[in-house]
Amino acid sequence: MFKRCVAMLSLVCLMVPVFSHSSIKYALASQVDAYVPKQPLYASDTYYYIDQQHTLWGWGDNQFGTLSGAYGYQEEISMQNPNKLIEHVIYITAGQYAAMAIDENGNLWGWGYPLFGHIPQPAQTDAAVKILDQVTQVCIGSRHAMALRADGTLWAWGQNNMGQLALDVDDMQGSQYGPVMIMENVVDISTYGVASLVVKDDHTLWGWGGNVIPQSENQILPPTKLMDNVLSVEATNGGFLAIKTDQSLWAWGGSTAQRSQVGFYQDLTKILENVVFCGPSVAIQGDGSLWTWGENTFGQLGDDTEVSRSSPKKVMENVLYAGMGSNTMLVINDMGELLMYGGEAEESPTVVASFGECMLPYTTNMIQLLDYLDVRINDWFYPGVKTCTGYQIMIGVSETEFAPGRHLTLGEGEVIMRRLQSLLQQNKDLDNCDTVGNINWNTSGNASWEQEQISRTQFMEMLFEVIPTMEDYDKIDEDYTSDDLKAKISEWYEIGILTGTDENHSFDGDLPITRAEVSLIIARILDPDIRVKT
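Here's a quick rundown of the structure. Since we're looking at a predicted model, the values are computed, not measured.

1. Looking at the overall build of the chain
Link 1 in the chain: Summing up its helical and strand segments, the chain has eight helices and 28 strands in all.
Link 2 in the chain: Looking at the chain as shown, the accessible area adds up to about 21,600 Å², and 46% of this sits on carbon and sulfur atoms.

2. Some remarks on the sheet that holds strand 8 (residues 129-132)
Link 1 in the chain: As summarised here, the arrangement of the four strands in space is 5-6-7-8, forming an open sheet in which the pairing is antiparallel. Strands with a single pairing partner mark the edges of an open sheet, and in this sheet they are strand 5 (89-94) and strand 8. Across the sheet, the mean angle from the axis of one strand to that of its neighbour is 30°, orientation sign disregarded.
Link 2 in the chain: Bridging between strand 5 and strand 6 (residues 98-103) involves five bridges; their strand directions are antiparallel.

3. Some words on the side chain of Thr514
Link 1 in the chain: One can find Thr514 in the loop between helix 7 (485-494) and helix 8 (515-526).
Link 2 in the chain: Beyond its immediate sequence surroundings of up to four residues, Thr514 is in contact with Pro404, Gly405, Arg406, His407 and Leu408.

4. Regarding a negative patch on the surface
Link 1 in the chain: Where like charges cluster on the molecular surface, the negative patch consists of Asp45, Asp61, Glu76, Glu344, Glu346 and Glu347.
Link 2 in the chain: Note that Glu346 resides in the loop between strand 27 (337-342) and strand 28 (350-354).
Link 3 in the chain: Under the relative-accessibility criterion, Glu346 is labelled exposed at 77%.

5. Focus on helix 5 (residues 410-425)
Link 1 in the chain: The terminal C-alpha atoms of helix 5 lie 22 Å apart, and with 16 residues this matches the ideal 22 Å at 1.5 Å per residue to within 8%.
Link 2 in the chain: Counting buried residues along helix 5, 12 of its 16 residues qualify, which places the element largely inside the surrounding structure.
Link 3 in the chain: Every buried residue of helix 5 is listed here: Leu410, Gly411, Gly413, Glu414, Ile416, Met417, Arg418, Arg419, Leu420, Gln421, Ser422 and Leu423.
Link 4 in the chain: Buried residues along helix 5 sit in contact with helix 6 (456-466) and helix 8.

6. Re unusual backbone geometry
Link 1 in the chain: Following Ser348, the chain continues into Pro349 via a peptide bond in cis, with omega recorded as 5°.
Link 2 in the chain: Residue placement: Pro349 occurs in the loop between strand 27 and strand 28.
Link 3 in the chain: Phi angles above zero are rare outside glycine, and Asn185 is one such case at about 60°.
Link 4 in the chain: Residue placement: Asn185 occurs in the loop between strand 12 (176-183) and strand 13 (186-192).

7. A closer look at the pairing of strand 2 (residues 46-50)
Link 1 in the chain: Judged by how many residues are buried, strand 2 sits mostly within the fold: five of five residues are covered.
Link 2 in the chain: Both faces of strand 2 are covered, namely the face carrying Thr46, Tyr48 and Ile50 and the face carrying Tyr47 and Tyr49.
Link 3 in the chain: Looking at chain direction, strand 1 (residues 41-43) and strand 2 are connected through three bridges and run antiparallel. Its bridge partner lying in strand 2, Leu41 is registered against Tyr49.
Link 4 in the chain: Between the end of strand 1 and the start of strand 2, which pair antiparallel, lie two residues.
Link 5 in the chain: Note that strand 2 and strand 3 (residues 56-60) share five bridges and pair antiparallel. Pairing of Ile50 across the sheet is with Leu56, part of strand 3.
Link 6 in the chain: Between strand 2 and strand 3, which pair antiparallel in sequence order, lie five residues; one of them, His54, sits at a positive phi of approximately 65°.

8. Observations regarding the sheet that holds strand 10 (residues 144-149)
Link 1 in the chain: Sheet architecture is open: four strands sit in the order 9-10-11-12, paired in antiparallel fashion. The sheet terminates laterally at strand 9 (135-140) and strand 12, the two strands that pair on one side only. On average, adjacent strands in this sheet sit at an angle of 20° to one another, irrespective of strand direction.

9. Notes on the nonpolar core
Link 1 in the chain: One finds Trp59, Trp111 and Leu290 to be the most contacted residues of the largest nonpolar core, which totals 45 residues.
Link 2 in the chain: The dominant element in this core, judged by the number of residues it contributes, is strand 25 (residues 319-324), at five residues.
Link 3 in the chain: Ignoring any residue separated from it by four or fewer positions in sequence, one finds Leu290 in contact with Val282, Ala283, Ile284, Lys313, Lys314, Val315, Met316, Val319, Ala322, Met329 and Val331.
Link 4 in the chain: The next biggest cluster of nonpolar side chains, apart from the first, holds 39 residues, and it includes Trp380, Met417, Leu423 and Ile495.

The rules behind these values
Residues numbered from 1 in each chain as written. Predicted model: local features only at pLDDT ≥ 70, side-chain atom pairs only at ≥ 80, totals over all residues. Heavy atoms only, no water. Helix = DSSP H or I, 4+ residues; strand = E, 2+ residues; numbered from the N terminus. Areas by Shrake-Rupley, 256 points an atom, 1.4 Å probe, with all protein chains shown as cover. Pairing = 2+ DSSP bridges. Axes fitted to C-alpha atoms, helices over the stretch in contact; angles between N-to-C directions. Contact = heavy atoms within 4.5 Å. Patch = residues over 30% accessible without salt bridge, like charges linked within 9 Å, V, L, I, M, F, W, Y side chains within 5 Å. Salt bridge = Lys/Arg side-chain N within 4 Å of Asp/Glu carboxyl O. Lys, Arg positive; Asp, Glu negative; His and termini not counted. Charge placed at Lys NZ, Arg CZ, Asp CG, Glu CD. Buried < 20%, exposed > 50% of the residue type's maximum accessible area, 1.4 Å probe, protein only. Expected span 1.5 Å × (residues − 1). Core = buried A, V, L, I, M, F, W, Y, C linked by side-chain atoms within 4.5 Å.

As structure tokens, this is what we get:
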């Protein structure tokens, strides 16, 4: 792979320390799918990609150290000799002044120019700074940043000059040089300039800050519901994009700068159907076809022309991921090739890297992979939902909602355990398992059993009643003999079924357990391939 040697410093040591494999062993539950990058590339004036070894590489404009971590002016990095930045990462994003990456353990790291508060506690040396843990998504505005944590909470930091932190609109100078929690029940986030947008778990789209709605130049908007039935949102230099629950793509814009872009839609306009992924001037449909629009001065739209256009046009098939920069588009195809269109490419396309089948999981940000509108393939709990619904051990709370963040109740726990035991015994139909097994507990005598939340310890006690020894289920570990609850839990950590609730791998037995966590634990029991690797 590419590697750029820089005489001033060692880039391997520049960023986060190189992780040992043992650090992955107890990966956060929120990052169980640590081997599938969530956002494998990013394109703007700088360009980044994550290779199959989860190493981050970058090239392009390095004026503010976003490709090296060093403060002050830095020379541009060429595509032919990209910088090696960080190892063991699964998500990359960047802005003009800072870049941020999420590692395999869910830790968020940032580096670049610290003036505007993107980097909360800038290091005195050329090193990345750890900002937050348990992070699943991050985005960077011109003077602020936002992160989504695994529990659905939204955190933000940086400057608040246009209300982009969703703080008191009477205190626009209330900048925060460290993450503060803004709201709960969030499933998707995006920001551009001083505008902040999020999708909540009820599929409502919310926005605040500056230039969020049409004809709102320099108007400060407090947190406001903008739209219903939304799955995903993307804020770009050419306006805002939203994928709705029917997979239609809608566009609109607010600022003068956005309105000057080719392909800008001032009023809310539906521009495409059957969309499963969108980004600046790019959209991928369910059949893998890539559609592009906007500026095309350098041939970045991938249509073999240099003609700009305002509406989406299909330009290629068999695409897994795409990102549009200022004059370059990066595309990952189903052959595992990273292709570049426009920009400094000598020919279009230019193969930047080739990863073979290792690149195939990069369909990760696409939506609505199951029947549930609140489950995506990039969600850490996706393997659990897929496995448990396949076996009918767990089903959604409705035809379109799995409710992954909802806390499990005792009533749900009992049904799940009886279905799991029935499956393991392979002697009962999963839909008729109310009297299966010799389980030593029964919550049905409790009038509130259907609503009462179950703790993590209670769930494990119920699970150990179903699988009292590992010998009862030889796919796990035939040497397991301990009857002690703590020893059982420790053993399940060791073999990759259980993980911690934080970077210290805490069990937190008194806390409630979510449906997402339960689905993943059960899936790991049934499928060793998705356990946390040691």
